[in-house]
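Here's the letter readout for the chains.
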Amino acid sequence: MVDLSAALLELIRLTSTDLPADVEAALRGAQSRERPGSAAAGALDSILENVSLAREKSSPICQDTGTPLFYVRHPAGWSTRQLRQQIRQAVAEATKKAYLRPNAVDSLSGKNSGNNLGDEAFPTLHFEEIDGDELTVDLILKGGGCENVGAQYSLPDDRLNAGRDMEGVRRAVLDAVHRAQGQGCAPGILGVAIGGDRGSSFAASKEVLLRPLDDVNADPELAGLETQLLEQGNQLGIGPMGFGGETTLLGVKATDLHRLPASFFVSISYMCWAYRRRRMTVRGDEVGYA
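Just so it is clear, the model here is predicted, and its values are computed rather than measured.

Parameters at a glance
- Residues numbered from 1 in each chain as written.
- Predicted model: local features only at pLDDT ≥ 70, side-chain atom pairs only at ≥ 80, totals over all residues.
- Heavy atoms only, no water.
- Axes fitted to C-alpha atoms, helices over the stretch in contact; angles between N-to-C directions.
- Helix = DSSP H or I, 4+ residues; strand = E, 2+ residues; numbered from the N terminus.
- Left-handed = near helix turned anticlockwise from the far one by under 90°.
- Contact = heavy atoms within 4.5 Å.
- Nonpolar A, V, L, I, M, F, W, Y, C, P; charged D, E, K, R; others polar.
- Buried < 20%, exposed > 50% of the residue type's maximum accessible area, 1.4 Å probe, protein only.
- Pairing = 2+ DSSP bridges.
- Salt bridge = Lys/Arg side-chain N within 4 Å of Asp/Glu carboxyl O.
- Polar contact = N/O pair within 3.5 Å; in protein donor to acceptor, adjacent residues only side chain to side chain.
- Core = buried A, V, L, I, M, F, W, Y, C linked by side-chain atoms within 4.5 Å.
- Expected span 1.5 Å × (residues − 1).
- Arc of directions from axis to C-beta.

Trainee: Explain the packing of helix α6 (residues 166–180) against helix α8 (residues 220–233) here, please?
Mentor: Helix packing for two helices is described by the angle between their axes and how far apart those axes are. At a closest axis distance of 11 Å, the pairing of α6 and α8 adopts a crossing angle of 35 degrees. Judged by the twist between their axes, the crossing of α6 over α8 is right-handed. On the side of α6, the interface is formed by Met166, Val169, Arg170, Val173 and Leu174, while α8 contributes Glu221, Leu222, Leu225, Gln228, Leu229, Gln232 and Gly233. Residue composition of the contact of α6 with α8, by class: seven nonpolar, three polar and two charged.

Trainee: What should I look at first to understand the environment of Gly233 in this one?
Mentor: Mapping Gly233 onto the fold places it in helix α8. On the basis of relative accessible area, Gly233 is assigned to the buried category, the value being 0%. Put simply, Gly233 and Val252 are 19 residues apart on the chain and 9.5 Å apart in space, counted from C-alpha to C-alpha. Sequence-distant contacts of Gly233, defined by excluding residues within four places in its chain, comprise Leu174, Thr248 and Leu249.

Trainee: Help me understand the sheet that holds strand β8 (residues 276–283) in this model?
Mentor: Sheets are built from strands that pair by backbone hydrogen bonding, the pairs being arranged parallel or antiparallel. In spatial order, the strands read β2-β1-β3-β8-β9; together these five strands make up an open sheet with mixed pairing. A strand with exactly one partner marks an edge of an open sheet, and here the two such strands are β2 (124–130) and β9 (286–289). Between one strand axis and the next, the sheet turns by 15 degrees as a mean value, whatever way the strands run. Bridge analysis of strand β1 (residues 67–75) against β2 gives seven bridges, and the strand direction is parallel. Each bridged residue has a counterpart across the sheet, and for Leu69 the counterpart in β2 is Thr124. Most of the contacts of helix α1 (residues 5–17) go to β8, to which it runs at about 155 degrees, and overall it touches β1, β3 (135–142), β8 and β9. Strands β1, β2 and β3 of the sheet are contacted by helix α4 (residues 80–96), whose axis makes an angle of about 145 degrees with β1.

Trainee: Would you explain the pattern of salt bridges in this entry?
Mentor: Pairing is possible between side chains of opposite charge, provided their charged atoms come close. Enumeration over the complete set of coordinates arrives at 22 salt bridges. Among the salt bridges present, the one from Arg73 reaches Asp138, with a minimum N-O distance of 3.4 Å. Taken together, the positions of Arg73 in strand β1 and Asp138 in strand β3 put the pair 65 residues apart, joining distant regions of the chain. Of the two residues examined, Arg73 and Asp138, each falls in the buried class. Glu167 is the partner of Arg170 in a salt bridge, and the nearest nitrogen-oxygen pair spans 2.7 Å. Taken together, the residues span about one helical turn, with Arg170 and Glu167 both in helix α6 at a distance of three residues. We classify Glu167 as partly exposed; its relative accessible area is 34%. What you see here is one network of salt bridges that share partners, running through Asp18, Glu24, Arg28, Arg55 and Arg278.

Trainee: Just to check I follow, could you spell out the side chain of Asp175 for this structure?
Mentor: Its location among the elements puts Asp175 in helix α6. Residue Asp175 is classed as buried on the basis of its relative accessible area of 12%. One polar contact links Asp175 to Arg159, side chain to side chain, over a distance of 2.9 Å. When sequence neighbours within four positions are dropped, the list of residues in contact with Asp175 reads Tyr153, Arg159 and Leu160.

Trainee: Please clarify how the nonpolar core should be interpreted in this entry.
Mentor: Generally speaking, nonpolar side chains in soluble globular proteins are found buried as a group. If you look at the biggest cluster of nonpolar residues, it comprises 53 residues, and the most contacted ones within it are Leu27, Tyr153, Leu190, Val192 and Val266. At seven residues, the largest contribution of residues to this core is made by α6. Tyr153 has contacts with Arg159, Leu160, Ala172, Asp175, Ala176, Arg179, Phe264, Phe265, Val266 and Ile268, leaving out every residue within four places of it along the chain. Ranked by size, the runner-up nonpolar core spans 24 residues in total, among them Ile87, Ala90, Leu135 and Leu141.

Trainee: How do you make sense of α8 when you look at a structure like this?
Mentor: Given 3.6 residues per turn, any residue in an α-helix points the same way as the ones three and four places further on. Between the first and last C-alpha of α8 there are 20 Å, a value that for 14 residues agrees with the 20 Å anticipated at 1.5 Å per step. All of the buried residues along α8 are Leu222, Ala223, Leu225, Glu226, Leu229 and Gly233. Projected down its long axis, α8 shows its buried positions confined to an angular sector of 160 degrees, all on one face. Among the exposed residues of α8, those pointing more than 90 degrees away from its buried face are Pro220 and Glu221.

Trainee: Just to check I follow, could you spell out the pairing of β8 for this structure?
Mentor: Looking down a regular strand, the side chains alternate between one sheet face and the other. Two strands pair when backbone bridges link them, and β3 and β8 are joined in this way by seven bridges, in the antiparallel orientation. Following the sheet pairing, Asp138 is matched in β8 by Arg279. Sheet topology places β8 next to β9; four bridges connect them, and they run antiparallel. Counted as the bridge partner of Thr281 is Gly288 from β9. Between β8 and β9, which pair antiparallel and follow one another directly, the connecting turn spans two residues, one of which, Gly284, has a positive phi of 65 degrees.

Here it is, written out as structure tokens:
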């Protein structure tokens, strides 16, 4: 099998230092909506200056380079064991080059591994065998601040008067945004999963964050929910970094999963403004990035 360690290192560098164009465009749109001279406008000015400097100097966009989440879709015949080894090698090398901050801490001893390699869950790797001959590797870097304000609700929820329906989902998601305030480094992007069990629901709420900000959900009901949550989330007035203002959210992406009759989970993964995600595609000897 071909050695992709160098290509994976470049994927990590791009993800850490070069914010995707759709995210930058959304931030500039948010900047144009804020009152000049306001705290919200000042926060967005600083964010956008930081984005430009990080790209120019090939330095991390944020000091917290987060948990690396890899989603690997591979043709039949590829060795996931070798892919795992190459990804871990690239992560360790990226840490040496300071594209990643050492973030892997043993939960029992408190010791940092120093190279972003922990047990099998750090970095987080997902593998899926697909048809065709093209390999894709998607990477999300998810920071600790936004991870800490993620939430999961079990409906019905009497506190929110939220039942097992789309209105209940709406109430749960907006409650999560309100409780997060600016602690998730707003303006944020929400990944929302409806259904599943506790584990699969949270996993799906993260994977849905791979979607571009400007796409439209193929399910009309979920598309309507995304639009409604984005509009109503931005009416909460939390604003960039919690300073108040017009933009609390840059986007909402939702998905649904089958569930047990006894359970109805709504999981919200909050992504900060540093929405770091990139894709590497390998076909034969050709490697591309998006």
